[in-house]
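# A structural walkthrough
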Amino acid sequence: MQSGLMNTFQSGIKTRNWAAWAIAIALFAFYILIYFDYALGILGPVAERLGMGIWTLYGLMYTIAMIIGGIYFLHKHGNSRYHQVRTIVVVLVQIIFAFSIPLVMEIFDSKGFILSLFWPLKIEYFYPQNIFTYPLTLVLYAFLSFVIGVPLLTYFYGKRWYCSWVCGCGGLAETAGDPFRHLSDRKAKAWKFEQWSIHLVMFAAFATTAMVIINWSLHHTSPDGQWITQYPLFDSIATTVQKGYQTVVVAMLSGVIGVGLYPLMGTRVWCRFFCPLAAILGIIQKLGRFRITVKPDMCISCGNCSTYCEMGIDVRQYAQNNQSFKRAACVGCGMCAHVCPRGVLRLENKADLRESADKERRPIVDM
Amino acid sequence: MRYAIVGNGVAGINAANTLRHRDESASISLVSSERDHFFSRTALMYVACGQLSEACVEPYERDYYEKMGFTRVRERASGIDAANHQLIFDSGNRLEYDRLLLACGSVAVAPPWPGSDIGGVGHFVTWDDLTWLRREMTQAKRAVVVGGGLIGIEVCEVLIQAGIETHFLIREKKFWPIALSAAESDVVVPHMKHHGCHVHLGTEMAEAVATNGRLSSVRLSDGSQLDCDLLVVAIGVRPQTDWLRETGIALDDRGGIIVDDQLKTNLRDVYAAGDCSSVVWFNGVQRPEQLWYTSRDQGVVAGHNMVGDAREYRRGTFYNSAKFFDIEYTTAGLVNFHVEGEVDWWQHEPGTYYTTRITYLPAENNRVIGFNGLGRRWDHSILVQWIEERRTLEWMLRHLGEANFDEEFMPRFAATVPVEGGR
């Protein structure tokens, strides 16, 4: 079922040759021009000449990359229904929710809002000075989706419903990034690093948001219409922290490094090591139903699952030890199950044990 | 305790793991002339075609042997001095042991026709074979693969992927008759052809012909000639036990090392596990089991017995899986065993290569004895459980969906073919 993957390791560009480095450098440069345009002012004028803002131009390029990448992905892996459905959904979400709806909103002279992004991936959705500029329905949407919708869906279906079905970052990885998915580091050391780094960023997201909210609540409108605070020191600290988070996490980690490293370290560097939303979803996933079930005593230790896991999970270790497993990092892309030549793995979120292939938990059925 | 293990394959490494788990201070030596790192032999085809790198097929990280305290001995074993508890190497060196495990695996069966030793002719079993095939593939234009089994079809897939015109010679009238029915073969063979494989059923090799010392063509049993510059012989494997002929160890008629149910050989303190050992099968026959997971299980059992745990190796209901190009294959129980009175229930889902075959005994209330599935994924462990629970065909067809292991969103399995006699 994986004829689309044959030759992977014979291709130079897929195995970090000079062309892979060239692409990485180009991506780095592009993302620096995008995120630091306020200082550099190079791409902004270009976008203006094309009649759009720099972020609209970026969104357009991103969406086109995902459409082309999606077609490429389906050409490679489209013999799987799961991949067909998942890829079509993630590309449509990008076209409709991440690109078109915000654009239409802007045409009607209101601020664009991306319904498919949630706090803390979109950290400003919980910044009061930002979210309260939106209509009340969107404020409620941003809040309730994070508090109720996201945890419930993750509990029942795993973080995959978001990370490989909805999210734009994941969407690019799953489509245009597919040729590089095998470059993720699957060593135990990388897993250790991941556990530290992703929870550190999650903590930073909580801390930054808390500071911004507290700082906002300490402000009031003065009689002469100024937005002022009695705590100027805290205000300057909070503002610095907010800017720092924006520069380090949003611009550098999610943009420049996250995408720039595609051809060198695989497609999920941001999602795996840094994304604060992925960290939260991962914790819920560990408590939820989603698991990868391992068919006992059938694994031949070939390593296809571990190699093509974009999150660098050493799936083989579980498969060859007959361990069905949950991993916080797993985005449920389904590639491990798809590439397994012995059909050992299956993504499952069923509660009905009669339907479950989880043998230990399967009761003896009626005669 | 000094443990020596001949062979660094799946049986050997699992025995070593078990020994280390049971005895932290033991000296454990793994002897191999093939490779320093344990690799998945069943994944050789993926390295050959470039789907995996060489490092990908190593199940453990590179520092594993140091971490586990395993000593690697890069030697080729050539004999055993059982009286003095010594393993003898090609180089003349010797290794003393307290317990010895023979996990030396299989070698390819040499072809019975002339010309098997000329350039451009080889097998696909060892790491060296992989290196050889990859080198040959860079210049081969037209290849012949002999032997209608699993290695044969894997090599065909690799060669076709590399753009080499590939001819697959199968002696039998159907593909893999030991496991597949005629109808199942008729699903697989067109699929191979669809992928560009030239399948020659009912065709035997007569001779490999050389020009200037290199393969130039093969002559077939019907007298016809087929030009080619690469010939891969995959007519089976046999236990790699020629080096043990002089040691007094008991071998069966296939060359397998005869072991008891604790995997002990007739030599004192010598055990055998994996492809090279001859065990008693579920049906009472003594012969080697050349399967990946039975080798792994035997390695574990041998490890336990070497430290004195007295574990028995018991092979339950047979099962296996394979893959023919895109078609996955699952089997459980007695399939193609020609049990007296057996009848097949068979369903081919229209427009697909999904087939399901259930072998049952009408004389025993339609008790199911075997299962063969192509295309769809099945959880063999559930099928095995049902066969051991002596379920009937009707019951099995009602519940078969529970054993299905397909990816999500696959059309669900439904048994539409009626049970004959309508019981």
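Conventions and cut-offs
Residues numbered from 1 in each chain as written. Chains lettered and ligands numbered in written order. Predicted model: local features only at pLDDT ≥ 70, side-chain atom pairs only at ≥ 80, totals over all residues. Heavy atoms only, no water. Patch = residues over 30% accessible without salt bridge, like charges linked within 9 Å, V, L, I, M, F, W, Y side chains within 5 Å. Areas by Shrake-Rupley, 256 points an atom, 1.4 Å probe, with all protein chains shown as cover. Salt bridge = Lys/Arg side-chain N within 4 Å of Asp/Glu carboxyl O. Helix = DSSP H or I, 4+ residues; strand = E, 2+ residues; numbered from the N terminus. Buried < 20%, exposed > 50% of the residue type's maximum accessible area, 1.4 Å probe, protein only. Contact = heavy atoms within 4.5 Å. Buried area = accessible area lost by both parts, 1.4 Å probe. Polar contact = N/O pair within 3.5 Å; in protein donor to acceptor, adjacent residues only side chain to side chain. Pairing = 2+ DSSP bridges. Axes fitted to C-alpha atoms, helices over the stretch in contact; angles between N-to-C directions. Left-handed = near helix turned anticlockwise from the far one by under 90°. Domains from an automatic or database assignment. Nonpolar A, V, L, I, M, F, W, Y, C, P; charged D, E, K, R; others polar. Core = buried A, V, L, I, M, F, W, Y, C linked by side-chain atoms within 4.5 Å. Disulfide = S-S within 2.5 Å. Phe/Tyr/Trp six-rings, centres within 6.5 Å; stacked < 30°, edge-to-face > 60°. Lys NZ or Arg CZ within 6 Å of the ring centre and 35° of its normal. Expected span 1.5 Å × (residues − 1). Bend = angle between axes of the 7 residues up to and from the residue.

### Some details on a nonpolar patch on the surface
All names here are of chain A.
- A cluster of nonpolar side chains, namely Leu 136, Leu 140, Phe 143, Leu 144, Val 147, Ile 148, Leu 152, Leu 153, Tyr 155, Phe 156 and Tyr 157, defines an oily patch on the protein surface of about 1000 Å² accessible area.
- Its place among the elements puts Leu 136 in helix H7 (residues 136–157).
- By relative accessible area, which is 63% here, Leu 136 ends up exposed.

### Focus: the interface of chain A and chain B
- At the junction of the two partners, chain A supplies 55 residues and chain B supplies 55 residues.
- Summing the contributions of chain A and of chain B, the shared interface buries around 4800 Å²; its carbon and sulfur component is 47%.
- At the boundary of chain A with chain B, the tally comes to 2 salt bridges.
- Viewed at the interface, chain B and chain A are joined by 25 residue pairs in polar contact (both at pLDDT 80 or more).
- If you list the elements that add at least two residues to the side of chain A that touches chain B, you get helix H5 (81–107), helix H15 (304–307), helix H16 (315–320), helix H17 (335–339) and strand E4 (345–348) of chain A.

### Focus on the pairing of strand E7 (residues 99–102) of chain B
- Where strand E1 (residues 2–6) of chain B and E7 of chain B come together, 4 bridges link them in parallel fashion. Considered in E7 of chain B, the bridge of Ala 4 of chain B is made with Leu 100 of chain B.

### Concerning the packing of helix H1 (residues 10–22) of chain B against helix H7 (residues 292–307) of chain B
All names here are of chain B.
- At a closest axis distance of 7 Å, the pairing of H1 and H7 adopts a crossing angle of 35°. The hand of the H1/H7 crossing is right-handed. Only Trp 292, Ser 295, Arg 296, Gly 299, Val 300, Gly 303, His 304, Met 306 and Val 307 of H7 make contact with H1, whose side of the interface consists of Val 10, Ala 11, Asn 14, Ala 15, Thr 18, Leu 19 and Arg 22.

### Some thoughts on the domain arrangement of chain B
Residues and elements named next belong to chain B.
- Split into domains, chain B comes out as domain 1 (2–107 + 238–307), domain 2 (121–233) and domain 3 (319–422).
- Taken together, the 4 residues of domain 1 in the interface contact 4 residues of domain 3.
- Together, the buried faces of domain 1 and domain 3 total about 380 Å²; carbon and sulfur atoms form 60% of this surface.
- Looking at the side of domain 1 facing domain 3, the largest losses of area belong to Phe 282, Leu 291 and Tyr 293, adding up to 79% of the total buried there.
- Linking domain 1 to domain 3 there are 0 salt bridges.
- Here domain 1 is connected to domain 3 by 1 residue pair in polar contact (both at pLDDT 80 or more).
- Its residues assigned to classes, the side of domain 1 that touches domain 3 shows 3 nonpolar, 1 polar and no charged.

### Side note on the nonpolar core
- Within the largest apolar cluster, 225 residues are counted, with the highest numbers of intra-cluster contacts made by Leu 87, Leu 102 and Phe 175 of chain B.
- For this core, the element with the most residues is helix H11 (residues 232–260) of chain A, which contributes 7 residues.
- For Leu 87 of chain B, the residues in contact, after removing those within four places along its chain, are Val 6, Val 31, Ala 77, Gly 79, Ile 80, Asn 93, Arg 94, Leu 95, Tyr 97, Leu 100 and Trp 243 of chain B.
- Residues Val 144, Leu 169, Leu 215 and Val 233 of chain B belong to the second largest nonpolar core, which totals 15 residues.

### A look at the state of the cysteines
Residues and elements named next belong to chain A.
- Scanning the entire structure with this criterion turns up 0 disulfides over all chains.
- With no disulfide of its own, Cys 309 lies 6.3 Å from the sulfur of Cys 333, the closest cysteine sulfur.
- Distance from the sulfur of Cys 340, which forms no disulfide, to the nearest cysteine sulfur (Cys 302) is 6.2 Å.

### Section: the sheet that holds strand E5 (residues 86–89) of chain B
All names here are of chain B.
- Spatially, 3 strands are ordered E4-E5-E6 in an open sheet, and the strand pairing comes out antiparallel. Of all the strands in the sheet, the pair left with one neighbour each is strand E4 (77–81) and strand E6 (94–96). If you compare each strand with its neighbour and ignore which way they point, the axes differ by 25° on average.
- The sheet contact formed by E4 and E5 spans 4 bridges and is antiparallel. Across the sheet, residue Gly 79 finds its bridge partner in E5, namely Ile 88.

### Here's the deal with the packing of aromatic side chains
- For the structure on display, the rule yields 50 aromatic pairs over all chains.
- When the centroid spacing of 6.2 Å and the interplanar angle of 35° are considered together, the rings of Phe 118 of chain A and Tyr 141 of chain A count as tilted. Placement of Phe 118 of chain A in the loop between H5 and helix H6 (128–131) and of Tyr 141 of chain A in helix H7 is noted, with a sequence separation of 23 residues between them.
- Measuring from ring centre to ring centre gives 3.9 Å for Tyr 60 of chain B and Tyr 64 of chain B, while their planes differ by 5°; the resulting arrangement is stacked.
- A relative accessible area of 17% means that Tyr 60 of chain B is categorised as buried.
- By the ring-pair criterion, three or more aromatic residues cluster together here, those being Phe 113, Phe 118, Tyr 125, Tyr 134, Tyr 141, Trp 161 and Tyr 162 of chain A.
- We note Arg 315 of chain B situated over the ring of Tyr 319 of chain B; from NZ or CZ to the ring centre the distance is 5.9 Å.

### A closer look at helix H10 (residues 188–217) of chain A
Residue and element names in this part refer to chain A.
- A rise of 1.5 Å per residue sets the reference length of H10, with its 30 residues, at 44 Å; its end C-alpha atoms lie 44 Å apart and thus fit the reference within 8%.
- What H10 keeps buried is the set Ala 190, Glu 194, Ser 197, Ile 198, Val 201, Met 202, Ala 205, Thr 208, Thr 209, Met 211, Val 212 and Asn 215.
- Where H10 is buried, its residues meet H6, strand E1 (219–221), H11, helix H13 (269–273) and helix H14 (276–287).

### What to know about the sheet that holds strand E14 (residues 214–220) of chain B
Residues and elements named next belong to chain B.
- With antiparallel pairing, 3 strands are arranged side by side in an open sheet as E13-E14-E15. Among the strands making up the open sheet, the edge pair consists of strand E13 (205–211) and strand E15 (225–227). Sheet twist, expressed as the mean angle between neighbouring strand axes with direction ignored, is 30°.
- Looking at chain direction, E13 and E14 are connected through 6 bridges and run antiparallel. Directly across from Thr 211, in E14, lies its bridge partner Arg 214.

### Some remarks on unusual backbone geometry
- Cis geometry is found at the peptide bond from Trp 119 of chain A to Pro 120 of chain A, where omega equals 0°.
- Within the secondary structure layout, Pro 120 of chain A lies in the loop between H5 and H6.
- The backbone of Arg 16 of chain A sits at a positive phi, close to 55°, despite the residue not being glycine.
- If you trace the backbone, Arg 16 of chain A turns up in the segment before helix H1 (18–35).
- Of note, the phi angle at Trp 176 of chain B is positive, near 50°, even though the residue is not glycine.
- Mapped onto the secondary structure, Trp 176 of chain B falls in the loop between strand E11 (165–170) and helix H6 (182–194).
- Judged by relative accessible area, Trp 176 of chain B falls into the buried class, the value being 14%.

### Digging into H7 of chain A
Residues and elements named next belong to chain A.
- Between its first and last C-alpha, H7 extends 29 Å over 22 residues, near the 32 Å set by a 1.5 Å rise per residue.
- At Ser 145, H7 shows its maximal bend, which comes to roughly 50°.
- The set of residues buried in H7 consists of Leu 138, Val 139, Ala 142, Ser 145, Phe 146, Val 150 and Thr 154.
- Where H7 is buried, its residues meet H5, H6, helix H8 (160–163) and H14.
- Phi for Gly 158, located one or two positions after H7, is positive at around 85°.

### A few points about the side chain of Ser 185 of chain B
All names here are of chain B.
- Relative to the helices and strands, Ser 185 resides in helix H6.
- The exposure class of Ser 185 is buried, given its relative accessible area of 0%.
- If we skip the residues at most four places from it in the chain, Ser 185 touches Lys 174, Phe 175, Leu 180 and Pro 190.

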